[in-house]
Amino acid sequence: MQSRTIDAMNASLVRFRRYMFASSSKKPKLAFLGPLGTYSHQAACECFKESVEYISQPTIADVQQALSVDVPFGIIPQENSINGSVVETYNLLRNPAVGRDCVVRGYTVLGIQHSLVVRRGVKIEDVENVLSHEQALGQCRTWLAVHLPMASLVPMDSTASAAEKLLSSEPGGFNPRKCAAICSSVVVTIYDDLEVLQKGIQDGEENFTRFYVLSFGTDVPLPATVVLPTQNMALLRVQAPLESLAGRLDITKAVNTHGLDLLRIDRRPSLHARPFDDVYFLEIGATSDNSEWSDRLQRAVERVKRSGAEVAVLGVW
Ligand SMILES: O=C(O)C(=O)Cc1ccccc1
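Naming follows an unreviewed UniProt entry, where the protein chain appears as prephenate dehydratase of Paxillus rubicundulus Ve08.2h10. Checking UniProt for the protein chain, the heading Pathway (unreviewed entry) contains the comment "Amino-acid biosynthesis; L-phenylalanine biosynthesis; phenylpyruvate from prephenate: step 1/1."

Considerations on the overall build of the protein chain
In terms of regular secondary structure, the protein chain is built from 9 helices and 15 strands. Here the protein chain, with 317 residues, has 51% of them falling under the buried criterion. Look at the contacts in the protein chain between residues 6 or more apart in sequence, and 78% of them connect residues 24 or more apart. Element-wise, carbon and sulfur atoms account for 52% of the exposed surface of the protein chain, whose accessible area totals about 14,400 Å².

Things to note about the sheet that holds strand β8 (residues 152–156)
A sheet is described by the order of its strands in space; here 5 strands give the open sequence β8-β7-β9-β6-β10, paired in mixed fashion. Each edge of the open sheet is held by one strand with a lone partner, namely β8 and β10 (194–199). Direction aside, neighbouring strands of the sheet carry axes that sit 30 degrees apart on average. Bridge count between strand β6 (residues 115–119) and β10: 5 bridges; the pairing is antiparallel.

Structural notes on the site of the ligand
Around the ligand, a shell composed of 13 residues is seen, among which T38, Y39, S40, S158 and T159 lie nearest. Contact distances for the ligand include 2.9 Å between an oxygen atom and a backbone N or O atom of Y39. A distance of 2.5 Å is found between an oxygen atom of the ligand and a side-chain nitrogen or oxygen belonging to T159. Taken by itself the ligand offers 310 Å² of open surface, and the protein chains cover 99% of this. Among the detected pockets, the ligand sits in the largest cavity. Of all the secondary structure elements, the ones that give two or more residues to the shell around the ligand are α2 (39–48) and α5 (134–139). Element by element, the count of residues in the shell around the ligand is highest for α5, at 3 residues. Taken together, the residues that form the shell around the ligand break down as 5 nonpolar, 8 polar and no charged. When residues are assigned to domains, the shell around the ligand turns out to be shared by domain 1 (1–111 + 207–216) and domain 2 (115–199), each giving three or more.

Scoring rules and cut-offs
Residues numbered from 1 in each chain as written. Predicted model: local features only at pLDDT ≥ 70, side-chain atom pairs only at ≥ 80, totals over all residues. Heavy atoms only, no water. UniProt positions renumbered as here; feature names shortened; annotations may be inferred. Helix = DSSP H or I, 4+ residues; strand = E, 2+ residues; numbered from the N terminus. Buried < 20%, exposed > 50% of the residue type's maximum accessible area, 1.4 Å probe, protein only. Contact = heavy atoms within 4.5 Å. Areas by Shrake-Rupley, 256 points an atom, 1.4 Å probe, with all protein chains shown as cover. Pairing = 2+ DSSP bridges. Axes fitted to C-alpha atoms, helices over the stretch in contact; angles between N-to-C directions. Near = heavy atom within 4 Å. Polar contact = N/O pair within 3.5 Å; in protein donor to acceptor, adjacent residues only side chain to side chain. 1 Å grid on protein atoms, 1.4 Å probe; cavity = no way out; pocket = protein on both sides within 12 Å on 5 of 7 lines; lining within 4 Å. Sits in = over half its atoms within 2 Å of the grid points. Nonpolar A, V, L, I, M, F, W, Y, C, P; charged D, E, K, R; others polar. Domains from an automatic or database assignment.

Okay, here's the thing in structure tokens:
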């Protein structure tokens, strides 16, 4: 990994420790995939610094569920540069509450370096199970195949919850002395009795995750200190019946006709329709011409709706 990237990550970890335990009184709350020390937590701290109180949630779906007047902000991982889309997040974006009560306000990107972490004294040859979030397991596939080819890979709700598991000893559960977790090295500074066996085990020199910043409705202002990159983007959820090919093709035409760029498309099975009537997630941006961006977006949405598709605007930023 380039030394500039490592320096930036180290600086970001120092800042993270400063914000992590920031005092909480009277600040708006932000829900993140916890426990303390996840990458979601670090991304939130980088972005929101001392402007919010951080509220840990056990799963990505719980982050969305937690959004309310009392907890106006959230952050969820959306895509990784090595392992692709975060499936749990796209499953969650199918929920009708997203686009209504819960909206996307923009994104932030975090550089990620994974470590193999064990309970103090455990050696790599003792490790029979590797616990982590499925994204982290996917991002370290090559290293795991070379160094721990016989180990079982065990998906957990988050990287830091995998590390926490090493400290518990449930009867009939995993023997923590035969387990390792993949997580951020910052975790060993938060939880006692853990140590890093190997740093930088991800497949590739550069590893970045993009996170969506959420809010409860569109009216709540982001704290003044929060600066998110890139304006004039939108996330749409589009559902067109399988037979409505016109409805599907019209999406790209509508976007192009109104001078917008289709930046990415994701697809998940629909929650309520027939097999293979999928739901599409489109990220749309203004081309170099930013004028009348929201009018042009609105006209493109109306046109896709006229062709028979259901369209929900999940966020405009
Ligand atoms: O489990 C975490 O730490 C998360 O925040 C989800 C995740 C996992 C791996 C890479 C990026 C985000």
